Amino acid sequence: MNWITNYVRPRINSIFSRRETPDNLWTKCDECGTMLFHRELSGNLNVCTQCGHHMAITARDRFTALFDGGAFAEIEVPTPVADPLQFRDQKKYPDRMKGAQKKTGEKEAMLVAEGEIGRTPIIAACQNFAFMGGSMGMYVGNAIITAAERAVEMKRPLILFSAAGGARMQEGILSLMQMPRTTVAVQMLKEAGLPYIVVLTHPTTGGVTASYAMLGDVQIAEPNALICFAGPRVIEQTIREKLPEGFQRAEYLLDHGMLDRVTPRTQLREELITITRMLLGLPPAVKGDLPAPDMAHRSAPEAASDSAAEKAADPK
């Protein structure tokens, strides 16, 4: 064996070889083309720091930013029958599901959780557009019903984040049946006198828009989100006319009375806290807490006074 060839040369090559930069350190903004460092982007909730363009964000990342301290408890959702129609297009439906689960690391297209925002207990549900376009199937219907029932049981408001391409075609009429099912679930909240707040994110389309996504007591949208039933391209091809600039975008719908607010993602948490507490008839949230009194640094007269007060208050 030649020790120079087998040991020395590989060692020298490893020292002076060019190190490859990981591909996931930088993200290019789709709107302005700015290259954004991954920590800078995630720290700004996937909003471009240059132009304010809102990029996609996962349901878990959204919940981490929403709940106090990023702490929340996931609520289990009943699992429906798998592939009830034995549907197949280019792939079998179970194969598509496995691919989406592997890609996203999630069980399905909606996540339901409970926790506190601004010390206000809430139930939250969020669709994940990365999972088969956030399509509304039986699981999504079960998730919304579970969230509504939990909210009624715990007497908490429900906040829902929508992001979907519509109903899931692989489940046919069963997916369309989720529209009346989720509408009934929303009605349960209204009859219980509990707030139902909807945050519409890009995109929210199809049967989702025609059901639970537009039934909120307060309708909030992220900037430039596409919100519609039929898309602009379909409408243009049908009526053969050019649509107005920004048609079916969040700002256009706000101007025409379809929405209550258009709020940037970085300001959404504080706004949701304010609106939730207002609808519940609670005082404004406490922005900060004073530190607990340090007993070691208290003066003797103060300690004696408190001790006397405690003895007087104690009936024994």
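Scroll up for the structure.
Residues numbered from 1 in each chain as written. Predicted model: local features only at pLDDT ≥ 70, side-chain atom pairs only at ≥ 80, totals over all residues. Heavy atoms only, no water.

Colleague: Go over the sheet that holds strand β7 (residues 196–204), please, and point to the residues and values.
Modeller: One open sheet accounts for seven strands, arranged β3-β4-β5-β6-β7-β8-β9; its pairing is mixed. The outermost strands of the open sheet, each flanked by one partner alone, are β3 (73–74) and β9 (261–262). Summarising the sheet, strand β8 (residues 218–221) and β9 pair through two bridges and their orientation is parallel. Residue pairing for β9: I220 is matched across the bridge by R261. Strands β4 (110–117), β5 (120–127) and β6 (158–164) of the sheet are contacted by helix α5 (residues 138–154), whose axis makes an angle of about 25° with β4. (Pairing = 2+ DSSP bridges. Helix = DSSP H or I, 4+ residues; strand = E, 2+ residues; numbered from the N terminus. Contact = heavy atoms within 4.5 Å. Axes fitted to C-alpha atoms, helices over the stretch in contact; angles between N-to-C directions.)

Colleague: Residue-level account of the state of the cysteines, with values.
Modeller: For the structure shown, the criterion picks out zero disulfides. Here C32 stays free of any disulfide, with the sulfur of C51 as its closest cysteine sulfur at 3.6 Å. (Disulfide = S-S within 2.5 Å.)

Colleague: I'd like to hear about the nonpolar core, residue by residue, with values.
Modeller: Ranked by internal contacts, the top residues of the largest apolar core, which has 40 residues, are M110, V112, L160, Y196, Y212 and I227. The set of elements that each furnish at least two residues to this core consists of α4 (93–104), β4, β5, α5, β6, α7 (178–191), β7 and α9 (250–255). No other element matches the eight residues that α5 contributes to this core. Ignoring any residue separated from it by four or fewer positions in sequence, one finds Y212 in contact with M110, Q127, M136, V140, I144, L160, T182, V186, Y196 and V198. If you look at the next biggest cluster of nonpolar residues, it comprises 21 residues, including A113, I117, A124 and V199. (Core = buried A, V, L, I, M, F, W, Y, C linked by side-chain atoms within 4.5 Å. Buried < 20%, exposed > 50% of the residue type's maximum accessible area, 1.4 Å probe, protein only.)

Colleague: A description of the pattern of salt bridges should follow, citing residues and the corresponding values.
Modeller: A complete count under the given rule lists 13 salt bridges for this structure. Between E114 and R150 there is a salt bridge whose closest N-O contact spans 2.9 Å. Taken as a pair, E114 in strand β4 and R150 in helix α5 lie far apart in primary sequence, 36 residues in all. One salt bridge connects K242 with E236, and the closest N-O pair in it is separated by 4.0 Å. Judged by its relative accessible area of 74%, K242 falls in the exposed class. Each of R60, E74 and E106 takes part in one network of salt bridges that share partners. (Salt bridge = Lys/Arg side-chain N within 4 Å of Asp/Glu carboxyl O.)

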